[in-house]
Amino acid sequence: MLKDRTVNALAARRRHPAAIVILLLLGLVVTGGIYAFAAPKPAQAAVATADDVAAGKKLFLANCSTCHGLNGQGGPAGPSLAGVGAASVDFQVGTGRMPLSNPGVQAMRKPNKFNDEQTKQLAAYVASLSPGPAIPEAKYTSGEGNIAKGGELFRVNCAMCHNYAGSGGALTRGKYAPSLHGVTGTHIYEAMLTGPQSMPVFNDANITPENKRDIIAFLHNIDQNENVGGLNLGNFGPVSEGLLAWTFGIGVLIALSVWLGKKAA
Amino acid sequence: MTDNGSSQQQGGEAARAGDHDRSPVPLDQGHVEGTGGIPARFADPGLPPHVHREADQSEKAARKAEKQVATMFTISIVATVLFVVAYFAVPGERLAYVPYIGQASISNLTLGLTLAVSLLFIGLGAVHWAKTLMPDEEVVELRHPQRSADADRQAAVDGVYAGGEAAQLGRRPLIKYTLGGALGLFAVPLVLQMVGGLGPLPGNALSTTMWRKGLRLMRDPEMLPVKASDVTIGSVYHIMPEGLDKHGDILEEKAKSAVLLMRLDPSDLKVAKARDWGYQGIVAYSKICTHVGCPVGLYEQQTHHLLCPCHQSTFDVTEDCKVIFGPAKRALPQLPITVDNEGYLVARSAFHEAVGPSFWERG
């Protein structure tokens with residue numbers, strides 16, 4: 001009897017009435033936590049809130065809807081934004097290309113009209129309209145990566161338009177591939193992913209995220225590289241070098257020949 | 001004389017009326033023959049009078065010029081000494097900011113500058129010396145006749161004949177003709193090497209590539225196959241044939257077999273043959289320009305233009321890559337493609353025409 005009571009008391013202490021509830025809560029938290037880490041994340045759900053979308057909608061209606069339509073459906077002056085995703089908005093607005101200042105063959109890079117937060121809000125709103133590529137994760141855009149591999153991929157896929165040193169180059173009828181010097185890794189990644197304007201799309205099957213990271217590492221390496229060879233003349237290749245040689249170099253030679261051939265008195 | 005007078009009169013009138021109003025001279029009246037006073041031969045005016053330089057006339061100026069020349073040579077000596085010093089003193093890997101140049105290797109810069117100054121001032125000193133102190137009197141040297149005296153010419157010819165006679169060349173034709181044959185044939189090995197050195201005949205290498213039925217389209221440089229479903233609209237893939245990395249002549253084949261893979265909305269492809277040879281809007285075209293063989297890599301996904309960076313030949317992908325601008329004369333050849341049973345893109349056949357620039361047999 002005494003023994004039974006002691007056992008009962010111990011048993012009662014071991015199994016507190018709240019234990020079940022606590023265990024249940026713990027289980028839920030652990031499961032939820034693991035799910036949050038392991039589950040495939042939908043595009044920008046992690047960062048964009050409903051508030052961002054609402055603020056982005058206001059900005060969109062005030063600044064973008066004239067051309068892109070009240071619901072981003074596009075119109076005579078601007079393309080539809082269906083499926084462009086947050087990455088496209090972050091690139092176009094984050095590099096100042098949008099809003100467009102005036103019609104032309106190509107939207108040019110210029111000072112940003114929106115700050116980072118507003119850009120994120122706009123991106124969240126446009127992404128909420130229809131699914132599209134998300135803003136890339138920082139681990140792919142930090143500039144860490146295999147520089148040699150990135151260089152090889154750059155020369156096959158990018159160098160024909162953007163120049164071997166990323167200095168940019170001409171396309172048809174006034175369009176051009178912009179210089180890649182001083183462009184952030186995120187914007188480079190987004191451009192490859194979304195193919196802005198004349199640029200083709202390089203999706204993750206064509207250039208994997210790891211390879212995109214390598215290309216960014218290569219471009220950052222070019223930016224930081226000290227130029228041992230001296231004056232690089234913009235890294236434009238034979239055009240600028242030839243221009244300097246023909247005007248300055250041959251000019252000096254002509255002046256010297258005139259001096260040599262002149263009679264002394 | 002009357003002609004002359006009237007023409008002078010006309011000239012006077014024309015001058016009064018102003019040069020702009022001068023009426024055109026008819027072709028049959030333009031040439032007026034006059035006395036003119038021009039001699040049959042102009043007299044040789046000779047050299048203009050010699051102008052003496054300052055250093056020729058004053059010893060002081062000459063000494064000044066001497067000092068200037070010596071100074072230039074001294075600058076060269078100093079620069080050479082600095083070169084030697086810099087060679088040992090400046091570490092090779094040191095970089096520093098130089099105005100207008102940017103980051104530069106200090107060692108390269110100092111070595112280059114001192115060497116340039118050293119050589120330049122030897123030259124400048126020599127030229128200044130020549131211009132101030134060396135004699136500058138104008139001299140005329142008359143040309144001598146180059147023909148030798150007749151007696152010398154005859155003696156030379158006689159010598160040759162006498163030698164031939166002494167060697168019995170005329171009397172022993174067997175020697176004469178075999179020697180001629182030997183010398184003549186000796187040219188053959190020389191010419192043969194030159195012609196043979198032009199390399200083997202190209203055979204059909206210019207007309208064919210590695211591509212054949214069933215070869216997978218591989219991504220360059222990864223050499224991984226491409227699934228048709230991965231080629232989204234607006235994409236461009238740089239493609240090499242399967243097995244290129246195992247091919248013995250990899251560079252030659254790479255230069256011929258490079259292919260550009262694009263996906264367009266099938267309704268954008270205006271030519272039925274281009275749609276048929278593609279796969280659901282995915283089309284593959286040779287990347288080698290038909291002008292001089294540069295890689296045509298600049299694809300504009302909005303206009304669907306392909307631009308060659310060398311001479312701006314532009315091809316319209318929607319019109320079966322026909323030339324719309326630039327010096328290229330032929331459209332880019334299309335590679336017929338399809339998918340295999342795993343969904344990877346494969347060639348349906350080889351190219352149906354030669355890729356790249358025109359050549360002799362092709363025209």
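Residues numbered from 1 in each chain as written. Chains lettered and ligands numbered in written order. Predicted model: local features only at pLDDT ≥ 70, side-chain atom pairs only at ≥ 80, totals over all residues. Heavy atoms only, no water.

> Explain the packing of aromatic side chains to me, using residue names and the numbers behind them.
The final tally for this structure, using the stated rule, is five aromatic pairs over all chains. Between Y140(A) and Y189(A), the aromatic rings sit 6.2 Å apart at their centres with planes inclined by 20°, giving stacked as the arrangement. Residue Y140(A) is located in helix α7 (residues 138–141), and its partner Y189(A) is located in helix α10 (residues 185–194); the two are separated by 49 residues in the primary sequence. Owing to a relative accessible area of 4%, Y189(A) belongs among the buried residues under this scheme. Through successive ring pairs, a cluster of aromatic residues spans F83(B), Y87(B) and F88(B). Sitting over the ring of W277(B), K273(B) keeps its end group 4.5 Å from the ring centre. (Phe/Tyr/Trp six-rings, centres within 6.5 Å; stacked < 30°, edge-to-face > 60°. Helix = DSSP H or I, 4+ residues; strand = E, 2+ residues; numbered from the N terminus. Buried < 20%, exposed > 50% of the residue type's maximum accessible area, 1.4 Å probe, protein only. Lys NZ or Arg CZ within 6 Å of the ring centre and 35° of its normal.)

> Could you give an account of the state of the cysteines, with specific residues and numbers?
In a disulfide, the sulfur atoms of two cysteines are held together by a covalent bond. Within this structure, the stated rule accounts for one disulfide over all chains. Here C294(B) is linked by a disulfide to C310(B), with a sulfur-sulfur distance of 2.1 Å. Torsion about the S-S bond of the C294(B) and C310(B) cystine: about -100°, corresponding to left-handed handedness. Pair noted here: C294(B) is in the loop between β7 (282–286) and β8 (298–300) and C310(B) is in the loop between β9 (305–307) and β10 (314–316), with a separation of 16 residues, a long-range link. Since its relative accessible area comes to 13%, C294(B) is described here as buried. C64(A) forms no disulfide, and the closest cysteine sulfur to it belongs to C67(A), at a distance of 8.8 Å. We note that C289(B) lacks a disulfide partner, and the nearest cysteine sulfur, in C308(B), lies 3.9 Å from it. Owing to a relative accessible area of 1%, C289(B) belongs among the buried residues under this scheme. (Disulfide = S-S within 2.5 Å.)

> Give a description of the pattern of salt bridges that names residues and reports values.
All told, the structure shown has 15 salt bridges over all chains when counted by the stated rule. Here K175(A) and E300(B) are joined by a salt bridge, their closest N and O atoms 3.3 Å apart. Here E300(B) lies in strand β8 and K175(A) lies in the loop between β1 (169–170) and β2 (176–177), a pairing that spans two chains. Summarising the burial analysis for this pair, K175(A) and E300(B) share the class buried. (Salt bridge = Lys/Arg side-chain N within 4 Å of Asp/Glu carboxyl O.)

> Run through the layout of surface pockets, naming residues and quoting values.
Residue and element names in this part refer to chain A. What the largest pocket holds in volume is close to 1,100 Å³. Lining the largest pocket are 40 residues, and of these H68, P79, L81, Q92 and M98 sit closest to its centre. Counting only elements with at least two residues in the lining of the largest pocket, the list comes to α3 (50–63), α4 (65–68), α5 (85–94), α6 (116–129) and α10. For the lining of the largest pocket, the leading source of residues is α5, giving four residues. (1 Å grid on protein atoms, 1.4 Å probe; cavity = no way out; pocket = protein on both sides within 12 Å on 5 of 7 lines; lining within 4 Å. Points joined across faces, edges and corners; volume = space filled by probe spheres on them.)

Geometric descriptors of this kind do not, in isolation, establish any biological role.
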